[in-house]
Amino acid sequence: MKLQEYQSKRIFANYGIPIPAGDVAATPEEVRRIADRLGGRVVVKAQVLVGGRGKAGGIRLAADESQAEKVAAEILGKDIKGLKVQKVLVDEAADVAKEIYLGAVVDRGAQCVVMMASAAGGVDIEEVARETPEKIVKIFVDPRMGLYTFQCRELAAGIGLESEFLNAFVAVCTGLYRAFMDNDAALAEINPLVITADNELLAVDGKIVLDDNALFRHRDLAELRDPSEETIHESEARRNGFSYVRLDGCVGCMVNGAGLAMETMDIIKLHGAEPANFLDIGGGARADRVAAALRIILSDVNVCAILINIFGGITRGDEVARGIVQSLHEIQTDVPIIVRLAGTNSEEGLEILAGANLLTASSLVEAARLAVKAAQSVLPDPQSGQAG
Ligand code: GDP
Ligand code: MN
């Protein structure tokens, strides 16, 4: 579960990380009042659960309260990467001298939390990570020992931070790590951590992603979830208990089981296309679940073919097949669907699918080949993953 910037920064502040004075508003009039209280010079920031708001026009500086009101009117209601802006954060504007990146994330490979810092912080950090990864320094935190001060100093040295900021930086690192651990986060990030013209460190942006599996320990945080701030496919996936990750490709995948879903994505790539999503619908074969999964996949306009890969164990193939056929009565679509069904009661299942004129495959390899071919007939170059 992602927290909004203002929620993340309030948590950071509880751990001693300096944040700008500010408040949240839902109308331009409120923005004006807050800006007035903050002395006029403010930054108005769209509160939507996506990155890159700055580049999408969701972050605007204002010189006084009238201008703040005006830019707020432009940002509120605006669509940013498919999400409608319903709230803005109004922060006292910072005089930015330098932008640092600082983040904590679970590193599954290293089986611990890794803390990362870069002197090249700001809106282009993804590009830095891709093109000049040596500009990002990392330290690994032993979960039994916690974060040591010397490790924070190592980060500081790694990004060439001047010694006058060292103590403040160590405090921010320590606070970020504690905020991460105490709240069972999967990611906690400050980008940018700003050095101001007055030589202070200030967390201008904040992002926390909580581990959903630990939310039962954080009822107060779980209550912060606002379904109106999720995309349709996110809320639908959550309601149905699906694991769903949207990707950039064009072949939609509906699979029962996480390992099988990974395999399905791999085999699509092997055949020359890119998967549009990871989707594990889990056990059970009821039509409403199949229909929900189809709706989620089809809500992605890039999807130009769907591969349904079901391996029946406890799940019965005939039930899945009935679920697919029934849900296709509810959802009209021209997107070609290829089904691979194996395991328990798959023969009956395949008969049902054949009776409904659905394209089936006898093996996963064949299914992947057919799905990629179907996708390629729609798209000249499925590698690009762009369907216009
Ligand atoms: P993001 O684009 O969603 O990551 O939003 P950020 O909150 O990181 O804002 C994007 C960029 O806007 C930052 O990297 C800064 O360069 C700039 N910015 C944000 N707040 C301020 C501010 O108070 N003063 C100044 N001068 N720039 C700011
Ligand atoms: Mn940012």
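Residues numbered from 1 in each chain as written. Chains lettered and ligands numbered in written order. Predicted model: local features only at pLDDT ≥ 70, side-chain atom pairs only at ≥ 80, totals over all residues. Heavy atoms only, no water.

1. So, the overall build of the protein chain
Piece 1. What the protein chain contains, in helices and strands, is 13 helices and 18 strands.
Piece 2. If one aligns the C-alpha atoms of the protein chain with their principal axes, the spans along those axes are about 75 × 50 × 45 Å.
Piece 3. Burial status across the protein chain gives 51% buried among its 388 residues.
Piece 4. Contacts spanning at least 24 positions in sequence make up 68% of the contacts within the protein chain whose residues lie at least 6 apart.
Piece 5. Here the protein chain has roughly 18,400 Å² of accessible surface; of this, 50% comes from carbon and sulfur atoms.
Piece 6. The average position of the 40 basic charges and that of the 55 acidic charges among the side chains of the protein chain differ by 1 Å. (Helix = DSSP H or I, 4+ residues; strand = E, 2+ residues; numbered from the N terminus. Buried < 20%, exposed > 50% of the residue type's maximum accessible area, 1.4 Å probe, protein only. Contact = heavy atoms within 4.5 Å. Areas by Shrake-Rupley, 256 points an atom, 1.4 Å probe, with all protein chains shown as cover. Lys, Arg positive; Asp, Glu negative; His and termini not counted. Charge placed at Lys NZ, Arg CZ, Asp CG, Glu CD.)

2. Quick look at the coordination of the manganese ion (ligand 2)
Piece 1. All of the protein donors around the manganese ion (ligand 2) are Asn 191 (O) and Asp 205 (OD); their distances to the metal are 2.1 to 2.2 Å. On the criterion of sequence distance, the pair formed by Asn 191 in strand β10 (residues 185-196) and Asp 205 in the loop between β11 (201-203) and β12 (207-210) is long-range, its members being 14 residues apart. Each of the two residues, Asn 191 as well as Asp 205, counts as buried. (Donors = N, O, S within 2.8 Å, 3.2 Å for Na, K, Ca; no water.)

3. Re the domain arrangement of the protein chain
Piece 1. With domains assigned, the protein chain is organised as domain 1 (21-92), domain 2 (96-222) and domain 3 (231-378).
Piece 2. Between the C-alpha centres of domain 2 and domain 3 the distance comes to 38 Å. (Domains from an automatic or database assignment.)

4. What about the environment of Ser 243?
Piece 1. Position of Ser 243 among the secondary structure elements: in strand β13 (residues 243-246).
Piece 2. Between the alpha carbons of Ser 243 and Gln 332 there is a distance of 24 Å; along the sequence they are 89 residues apart.
Piece 3. Those residues within four positions of Ser 243 in sequence are excluded, and the remaining contacts are Phe 278, Leu 279 and Asp 280.

5. What about helix α10 (residues 287-298)?
Piece 1. The first and last C-alpha atoms of α10 sit 16 Å apart over 12 residues, in line with the 16 Å expected at 1.5 Å per residue.
Piece 2. When you tally the buried positions in α10, you get 9 out of 12 residues, the bulk of the element.
Piece 3. For α10, the set of buried residues is Ala 287, Arg 289, Val 290, Ala 291, Ala 292, Ala 293, Leu 294, Ile 296 and Ile 297. (Expected span 1.5 Å × (residues − 1).)

6. With respect to the site of ligand 1
Piece 1. Residues in contact with ligand 1 amount to 17 residues; listed here are only the nearest, Lys 45, Arg 53, Gly 54, Ala 94 and Glu 99.
Piece 2. Between an oxygen atom of ligand 1 and a main-chain N or O atom of Gly 54, the distance comes to 2.8 Å.
Piece 3. Of all the secondary structure elements, the ones that give two or more residues to the shell around ligand 1 are β2 (42-46), β3 (59-62), β7 (96-107) and β10.
Piece 4. Split by domain, the shell around ligand 1 shows at least three residues from each of two domains, domain 1 (21-92) and domain 2 (96-222). (Near = heavy atom within 4 Å. Polar contact = N/O pair within 3.5 Å; in protein donor to acceptor, adjacent residues only side chain to side chain.)

7. So, the nonpolar core
Piece 1. Judged by nonpolar contacts, the single largest core of 42 residues is most densely connected at Leu 102, Met 115, Leu 155 and Phe 169.
Piece 2. Of the residues forming this core, the biggest block, 9 residues, is contributed by helix α6 (residues 166-182).
Piece 3. Apart from residues no more than four positions distant in its own chain, Phe 169 is found in contact with Leu 102, Ala 117, Cys 152, Leu 155, Ala 156, Ile 159, Leu 161, Leu 193 and Leu 201.
Piece 4. In this structure, Ala 293, Val 320, Ile 331 and Leu 358 belong to the second largest nonpolar core, which totals 29 residues. (Core = buried A, V, L, I, M, F, W, Y, C linked by side-chain atoms within 4.5 Å.)

8. Notes on unusual backbone geometry
Piece 1. That bond from Asn 191 to Pro 192 is cis: its omega, 10°, falls within 30 degrees of zero.
Piece 2. For Asp 184, which is not a glycine, the phi torsion comes out positive at approximately 55°.
Piece 3. You can see Asp 184 is positioned in the loop between α6 and β10.
Piece 4. Owing to a relative accessible area of 19%, Asp 184 belongs among the buried residues under this scheme.
Piece 5. For Asn 199, which is not a glycine, the phi torsion comes out positive at approximately 60°.
Piece 6. When you line up the elements, Asn 199 lands in the loop between β10 and β11.
Piece 7. By relative accessible area, which is 44% here, Asn 199 ends up partly exposed.

9. Considering helix α1 (residues 5-14)
Piece 1. Among the 10 residues that make up α1, 7 are buried, leaving the element largely enclosed by the rest of the structure.
Piece 2. Two residues or fewer after α1 comes Gly 16, characterised by a positive phi angle close to 80°.

10. Description of the pattern of salt bridges
Piece 1. Throughout the structure, instances matching the rule amount to 22 salt bridges.
Piece 2. For Arg 60, the salt bridge goes to Glu 74, with nearest N and O atoms at 2.9 Å. One end of the pair, Arg 60, is in strand β3; the other, Glu 74, is in helix α3 (residues 65-75), with 14 residues separating them in the sequence.
Piece 3. Note that Arg 322 is salt-bridged to Asp 318, the shortest N-O span being 3.6 Å. Within this pair, Arg 322 and its partner Asp 318 are both found in helix α11 (residues 317-330), separated by 4 residues, close to a single helical turn.
Piece 4. Judged by relative accessible area, which is 44%, Arg 322 ranks as partly exposed.
Piece 5. Several salt bridges converge on common partners, so that one network encompasses Glu 5, Lys 9, Lys 45, Arg 53, Asp 91 and Asp 205. (Salt bridge = Lys/Arg side-chain N within 4 Å of Asp/Glu carboxyl O.)

11. Observations concerning the state of the cysteines
Piece 1. Applying the stated criterion across every chain, the model contains 0 disulfides.
Piece 2. Sulfur of Cys 112: no disulfide; nearest cysteine sulfur belongs to Cys 152 and is 14 Å away.
Piece 3. For Cys 112, a relative accessible area of 12% corresponds to the buried category.
Piece 4. Here Cys 173 is not cross-linked by a disulfide; its sulfur's nearest cysteine counterpart is in Cys 152, at 4.4 Å.
Piece 5. When its relative accessible area of 0% is taken as the criterion, Cys 173 is described as buried. (Disulfide = S-S within 2.5 Å.)

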